[in-house]
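Residues per chain are reported as follows:
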4 protein chains.
Amino acid sequence: MAALQKSIDKRNALINATIDLVNNDGFHATPMSKIAKMACVSPATIYLYFENKQDLVNKTYIEVKSNYTAYAFATYDESMSVEKGFEVIWKRIADFKLKESAHAMFLAQCDNTPMIDEESRQEGIKHLQPLLDLWARGKKEGIIKPLSDYMLYAYSINPLSFLMITQNRGSVKLDAKELDQAFEAAWSSIKACK
Amino acid sequence: MAALQKSIDKRNALINATIDLVNNDGFHATPMSKIAKMACVSPATIYLYFENKQDLVNKTYIEVKSNYTAYAFATYDESMSVEKGFEVIWKRIADFKLKESAHAMFLAQCDNTPMIDEESRQEGIKHLQPLLDLWARGKKEGIIKPLSDYMLYAYSINPLSFLMITQNRGSVKLDAKELDQAFEAAWSSIKACK
Amino acid sequence: MAALQKSIDKRNALINATIDLVNNDGFHATPMSKIAKMACVSPATIYLYFENKQDLVNKTYIEVKSNYTAYAFATYDESMSVEKGFEVIWKRIADFKLKESAHAMFLAQCDNTPMIDEESRQEGIKHLQPLLDLWARGKKEGIIKPLSDYMLYAYSINPLSFLMITQNRGSVKLDAKELDQAFEAAWSSIKACK
Amino acid sequence: MAALQKSIDKRNALINATIDLVNNDGFHATPMSKIAKMACVSPATIYLYFENKQDLVNKTYIEVKSNYTAYAFATYDESMSVEKGFEVIWKRIADFKLKESAHAMFLAQCDNTPMIDEESRQEGIKHLQPLLDLWARGKKEGIIKPLSDYMLYAYSINPLSFLMITQNRGSVKLDAKELDQAFEAAWSSIKACK
DNA sequence: CATGAATGAGTATTCATTCAT
DNA sequence: AATGAATGAATACTCATTCAT
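Residues numbered from 1 in each chain as written. Chains lettered and ligands numbered in written order. Predicted model: local features only at pLDDT ≥ 70, side-chain atom pairs only at ≥ 80, totals over all residues. Heavy atoms only, no water.

### Some thoughts on the protein's contact with DNA strand F
Around DNA strand F, the structure places 29 residues, and the nearest of them are A:Met32, B:Ala44, B:Thr45, D:Ala44 and D:Thr45. What you see for DNA strand F is that sugar and phosphate hold 65% of its atoms within 4 Å of the protein. Going through the elements one at a time, helix 2 (32–38) and helix 3 (43–49) of chain A, helix 3 (43–49) of chain B, helix 3 (43–49) of chain C together with helix 3 (43–49) of chain D are the ones with two or more residues in the surface near DNA strand F. (Near = heavy atom within 4 Å. Helix = DSSP H or I, 4+ residues; strand = E, 2+ residues; numbered from the N terminus.)

Set out below in structure tokens:
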């Protein structure tokens, strides 16, 4: 048990080091040796947990993405109304992106870069299903515009990524009032007009 | 004259090769030798036009960003109404992102990655001023929601980047109808409610 | 223990390869890859033992210089008379320069070239102190001319470098008789006239 | 004539640039492009005057060496006594080494380095003949010790190189008094004992 | 499991030299 | 004669990965 825990700790240390370093220096300037050093293990040890650098970054991506979606849907319940459900999910996502910004930055970099395997990318997308289901329900009920999921995501969720990056660069600080405005904008762009 | 043109051609070939290769393989997997080969010059020749790899990618970024904004505002005129002006600019931006998708992909990668110097990033932002001026006018006239520029950008412009990337990955194809929907969503997220 | 010895062996092999190659081809024509090959290690291995090429050559200089002075004073004893002491040291130096000529050649090249860091040069000079002390004693006793240490070195020790180089170029062969003449010349140039 | 003069000027500028740069940075850190820049010509122009880098440095060596010997013997006359002749030559050499120290430094670097062709080295030695003749005379007359020319050079002339280098490094300043001491040491090391 | 040492294959960059003008 | 642009062949150095311990 203790041994297993130590293993998990090491794996986590490696994942976290990868996130930190890739965030700050970029994938191209993040050598395995630096990751090892930050995780306080030998470079060789990385290869006990991951096949190679590509695998390390793929697995990191999947893990972070999975944390992200778990967080997003943690307080959501399918019995909620579409409107309420969307608000609940949106706010959790906003929370994650702005508070766990290191993780969110890492995802943003992965999503805009040929740095992740296509397969891992697909794997990462899967977990968004509850949101897509909610939207399907919303469209059927005439509450949500009959747009493709990509379009809905582009206008209601993705802007949060941009705001998160901007905030991380120090250009802007998002407080409660602005978050409300953001939600308002998100909702008004996808809710069906009466 | 002919010599000058040859120089310009070579520089352009290098810039284009950089865009192509960074788009497909990522900055980390784009060696100078490959760029040189694609541009049909010797590796050493790159250093006649750029100081080093970082400078090459910085200059490429600034050039592409500058083309992007020039394209965005080419048909815009300050005498237009806010509503018309926004539509004109938005459609040009959409055009650029979806048709010149290689350039747009390159910008997206640069904007989400520590691959560009902060200085070059700032340089790239400058040219967006006409849009910010338009928004200022719209806010004064009560036509546009009184949101920060970052917020307006996040909801009305940035979603196009997400749609562009998604289309480039083959997940979706944006036709005229969907572009209209996108514009509708963009506009409704920033226009002031009556 | 064995591992440590292997490390020391490798470091020594690198130092020796550096001496050999710099002697024969000059610093400018001695690539790291050649040094590695001669030391039977990979080029990358050099960087486990030295920071870079400059560091390798600095450290080599300091090591050789240190061997040189250790050799020079090995049989000297401060209780000796000035005359005897000088003879003992001079003969050891002559021995070193003429027998360990590869090392002596390397030092000569370093001493006449901007190939070594100033800091390493200073480090190398330090160890000559016993000779300077001997001269101080000699001057006090009126046995040695009241000249600066540089002057004494120039006339009594440095000529050996010239002779060593000339011998190495094959122009001359120094046998016992000529060594005696050389010592005679050295001594007569610095001993106080009665 | 004017055209010829311009050519000579360029050649001289190249030679001087070579001396300066090799003195300050070392042969290994002196690229042709830098030499060209300092001489205010194009890199390609160097090849109109010299075959290649090796040739440039060989020719520079021969030229400097030749200036050196011309200077050394300029005021010497074979009708002088051995003692007077030696003093005259020695003082001119000292003058050259300490006043034209850039040239002297360059020679010292060449003489202790495999940076010059053997052939050019031989060519450079030739011009010392008058000194050797003087010594031959001195030995016959019993005024000079019956030592080989190398030995005489090592003790009476070469120390000046060491003193010149030391002075150039700033460790010591040779004034008139010290020059007299140096001459005294030089002479006493080679003059025959009565 | 864990590691530090070792490395081969690469990478950015430089440089002596050439060539079209 | 003179040049600036161009380049192929190096070169110092890095890094993902392996292996003996």
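Still to come is the rest of the account.
### Observations regarding helix 4 (residues 53–73) of chain D
Residues and elements named next belong to chain D. For helix 4, with 21 residues, the first-to-last C-alpha span of 31 Å sits near the 30 Å given by 1.5 Å per residue. For helix 4, every residue scored as buried is listed here: Asp55, Leu56, Val57, Asn58, Thr60, Tyr61, Val64, Lys65, Tyr68, Thr69, Ala72 and Phe73. The backbone nitrogen of Gln54 lies 3.2 Å from a side-chain oxygen of the residue at the head of helix 4, namely Asn52. (Expected span 1.5 Å × (residues − 1). Buried < 20%, exposed > 50% of the residue type's maximum accessible area, 1.4 Å probe, protein only. Polar contact = N/O pair within 3.5 Å; in protein donor to acceptor, adjacent residues only side chain to side chain.)

### Brief notes about the protein's contact with DNA strand E
Of all residues adjacent to DNA strand E, which total 28 residues, the nearest are A:Ala44, A:Thr45, C:Ala44, C:Thr45 and D:Met32. Near the protein, meaning within 4 Å, the atoms of DNA strand E are sugar or phosphate in a fraction of 66%, with bases accounting for the rest. A:Lys10 places a side-chain nitrogen or oxygen 2.7 Å from a phosphate oxygen of DNA strand E. If you list the elements that add at least two residues to the surface near DNA strand E, you get helix 3 of chain A, helix 3 of chain B, helix 3 of chain C together with helix 3 of chain D.

### Details of the arrangement of the chains
For chain B and chain C, which are not in contact, the least C-alpha distance works out to 20 Å. Across the gap from chain A to chain D, with no contact made, the nearest C-alpha atoms are 29 Å apart. (Contact = heavy atoms within 4.5 Å.)

### Observations concerning the UniProt feature "domain: HTH tetR-type" (unreviewed entry) in chain A
The UniProt record annotates "domain: HTH tetR-type" (unreviewed entry) at residues 8–68 of chain A. Structurally, residues 8–68 of chain A comprises 79% helix and 0% strand, and the distance from its first C-alpha atom to its last is 20 Å. (UniProt positions renumbered as here; feature names shortened; annotations may be inferred.)

### Thoughts on the relation of the copies chain C and chain D
Both copies of the chain are related by one operation, a rotation about an axis with a shift along it. Mapping chain C onto chain D is achieved by rotating through 180° and translating by 0.0 Å along the same axis, at an RMSD of 0.1 Å. Taken together, the rotation angle and the small translation identify this as a two-fold axis. For chain C, the residue whose C-alpha comes nearest the rotation axis is C:His28, separated from it by 2.1 Å. Of all interface residues in chain C, 100% are interface residues in chain D too; the two copies therefore contact each other through one and the same surface. (Least-squares fit on C-alpha atoms with pLDDT ≥ 70 in both.)

### Remarks on the relation of the copies chain A and chain B
In the superposition of chain A on chain B (RMSD 0.1 Å, axial shift 0.0 Å), the rotation amounts to 180°. Looking at the interface residues of chain A, 98% of them are also at the interface in chain B, so both copies use one shared face.

### Details of the interface of chain A and chain B
Chain A puts 44 residues into the contact, and the matching count from chain B is 43 residues. In this assembly, chain A packs against chain B so that about 3400 Å² is buried in total across both faces, 65% of it on carbon and sulfur atoms. By the criterion of area lost to chain B, the three top residues of chain A are A:Asn112, A:Tyr150 and A:Tyr155, representing 20% of everything that side buries. Between chain A and chain B we count zero salt bridges in total. Elements with a minimum of two residues in the side of chain A that touches chain B: helix 1 (2–25), helix 6 (101–111), helix 7 (118–126), helix 9 (149–156), helix 10 (159–168) and helix 11 (176–190) of chain A. Take the side of chain A that touches chain B: its biggest share by element is eight residues, from helix 11 of chain A. Its residues assigned to classes, the side of chain A that touches chain B shows 22 nonpolar, 14 polar and eight charged. (Buried area = accessible area lost by both parts, 1.4 Å probe. Salt bridge = Lys/Arg side-chain N within 4 Å of Asp/Glu carboxyl O. Nonpolar A, V, L, I, M, F, W, Y, C, P; charged D, E, K, R; others polar.)

### Here's the deal with the environment of A:Gln122
Secondary-structure assignment places A:Gln122 in helix 7. Sequence-wise, A:Gln122 and A:Ile62 are 60 residues apart; in three dimensions their C-alpha atoms are separated by 9.5 Å.

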